[in-house]
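Observations on the model geometry
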Amino acid sequence: AVRHCLQKSFSFLLCADDDIFSSAFCEDSEKLINVHLFALAAKYYSLSNLGVCTPLEDMLEALKGDSEGAAGIKPDEFMNNKKSHEVQVMSELVDSIANYCEIKQVIDIGSGKGYLSSFLSMQYNLKVYGIDSSSSNTNGAHERNKKLKKHWRAYQSRGRENLKSQSLEKTNDRPVESEIRCKTINEELLNNASSLQNQDQVIIQDLVPSCGSTEMAIPETITETEADLVTGAQSQETKLSEEVLAVLNVLPADAVEDFSSSHCNCRELCEEEKVQRKITSLKTKARKSSESNLYFPLTSCITAETELSDIITDLEDCMLVGLHTCGDLAANTLRIFTAKPEIKAVCSVGCCYHLLSEQFENQEECQDQVWGFPMCQYLKDKGWCCGRNARMSACLALERVAVGQMLPTESLFYRAVLQVIIEEIYGVTKSDRHIGKTFSKSSSFIDYVRRSLKKLELDDSKLPDNCIMDYYEKYQHRMNELEAFNMLKVVLAPCIEVLILLDRLCYLKEQENIAWSGLVKLFDPVKSPRCYAVIALKNQSHS
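An unreviewed UniProt entry annotates the chain as MET25 protein originating from Sylvia atricapilla.

Written out as structure tokens, the structure is:
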């Protein structure tokens, strides 16, 4: 009956607007007496109902300004549906923030296999450093990028063909104008030939750290691109390399002559041939450097005291990002952001709340330790503590359960009975070892128990099969009770997540150098349950 009431209440959790002030618990016994009211109260204190989140659409609109988005290449052919959804949504937001803050460098904390980093660099031409504590992850990211590069040019070509077909009609309607602009670009290139040669070293140095592919940012008409680039090259020397590369990418492959195909004396070359050869050389070097530097995976353990300049030698104005940073890493990402003046923005989506360290969870306090929770002074002053059980509950996925993706009740039952066995038979109440995903590899409960005991380094020979099955049968009638209890935890999960996320937001609100901070729901919670991003932008200094 409890389970039925809970399932019925999930609809109220997602859409109810009732005022909830009635008590769901008995004042004397403190037992739950009204499941429906409990579910409504949990909904009342969820992020979606509190009205503290900034809609993603509103933020993108505010950041957009006059800039246009990059041509869309979906990552779903490179990664699974969940990761594709996360990377595509978050990368668009990160690019918008980077453009707004006028920065090109991004540091991906806890980058893992480099999904987000790779896409940011290739799709949005951002210079990305991905930092992960696992060398196997960073090495794997290197290998993955080798495979990714083989396919990326094909997708770029597909995107360019679409753009060309879209602009073909406009170009045909303006043949005279196109001819004039093409003539103008050739004249300007000739006039600036000496400047190109003098800046050769500067250009190549700029090309090497350019992580993304310059071919991605092709506007609708090639002629407009060329004219804009020439104007920019004359006025801003610092943007020379980007402009030259953009010009190179709109030229056809056979528009320039390769060095090896000519046997003319260099002194006899006309100015146009010199420019063409210089362009060919730069284009080849640019292609090689961009292919070898999609992004930079680095191995390092990040703490609140980490000096990023010790890890990244060419650290400049940048932003921090983190896609599902685990445990304390999400909190430390925010602390690094507030402490380092060169970091202008942060976009962090945390996960693994159960791995957070809590200042007030244990009686013994370490004065010098930096804790994952609480972060803000308000909760510190109150000595607030969640506890591991509550943090474990915060990791559950209400929205998935609401659409029918039920909890793995059988595996939870196996785990609960196993704990009774190791306490009663072996006297073990606490262990640093983990049994991992043993359930999926087990053919029966007996097999599950024996596999688990071996992982825990406990002697299973003292436990016959019939004894194992006796425990199973003893508690089997309580499986529904276990399921109902875990569904109550699922209902409460958003409330605990609210506490953790608002603690991080309050920490940012307490800082003096923050221009704006907020919570944004980035992902579809059914696809990606940890869907909220903590975002902040610093006050921009104007020289």
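Our focus in this paragraph is the side chain of His324. By the secondary structure assignment, His324 is in strand E4 (residues 318-326). Within the local environment of His324, its side chain forms a polar contact with the backbone oxygen of Arg530, the two atoms lying 2.9 Å apart. Setting aside residues up to four positions removed in sequence, His324 forms contacts with Lys82, Glu86, Val349, Gly350, Cys351, Phe523, Ser528 and Arg530.

In spatial order, the strands read E3-E2-E1-E4-E5-E7-E6; together these 7 strands make up an open sheet with mixed pairing. Looking at strand neighbours, the two that pair on one side only are strand E3 (296-299) and strand E6 (514-521), the edges of this open sheet. Strand-to-strand, the axes of this sheet are offset by a mean angle of 15 degrees, without reference to chain direction. Two elements, E4 and strand E5 (residues 343-351), share 8 bridges in a ladder whose sense is parallel. When the bridges of E5 are listed, Cys318 appears paired with Ile343. Docked against the sheet, helix H5 (residues 81-101) engages strand E1 (105-109), E4, E5 and strand E7 (532-538), running at close to 160 degrees with respect to E4. The strands touched by helix H15 (residues 328-339) within the sheet are E1, E4, E5, E6 and E7, with E5 carrying the most contacts at an inclination of about 170 degrees.

With that out of the way, let us pick up the confidence of the model for the chain. Here the chain averages 75 in pLDDT, and 62% of its residues register 70 or above. Below pLDDT 50 for its whole length, residues 173-268 participates in 117 contacts with residues either more than four positions away or in separate chains. Confidence drops under pLDDT 50 across residues 288-293; counting only partners more than four residues distant or on other chains, this segment forms 11 contacts.

Taking 1.5 Å as the rise per residue, H15 with 12 residues should run 16 Å; its terminal C-alpha atoms sit 16 Å apart, in good agreement. H15 sits mainly inside the fold: 10 of its 12 residues count as buried. Those residues of H15 not exposed but buried are Leu329, Ala330, Ala331, Asn332, Thr333, Leu334, Arg335, Ile336, Phe337 and Thr338.

Another point: the pattern of salt bridges. As enumerated under the stated definition, the model contains 13 salt bridges in all. Close ionic contact of Lys82 with Glu86 constitutes a salt bridge, the shortest N to O distance being 2.6 Å. You can see Lys82 and its partner Glu86 sitting in helix H5, 4 residues apart, about one turn around the helix. For Lys82, a relative accessible area of 32% puts it in the partly exposed group. For Glu86, a relative accessible area of 0% gives the class buried.

Cut-offs and rules
- Residues numbered from 1 in each chain as written.
- Predicted model: local features only at pLDDT ≥ 70, side-chain atom pairs only at ≥ 80, totals over all residues.
- Heavy atoms only, no water.
- Helix = DSSP H or I, 4+ residues; strand = E, 2+ residues; numbered from the N terminus.
- Polar contact = N/O pair within 3.5 Å; in protein donor to acceptor, adjacent residues only side chain to side chain.
- Contact = heavy atoms within 4.5 Å.
- Pairing = 2+ DSSP bridges.
- Axes fitted to C-alpha atoms, helices over the stretch in contact; angles between N-to-C directions.
- pLDDT = per-residue confidence, 0-100.
- Expected span 1.5 Å × (residues − 1).
- Buried < 20%, exposed > 50% of the residue type's maximum accessible area, 1.4 Å probe, protein only.
- Salt bridge = Lys/Arg side-chain N within 4 Å of Asp/Glu carboxyl O.

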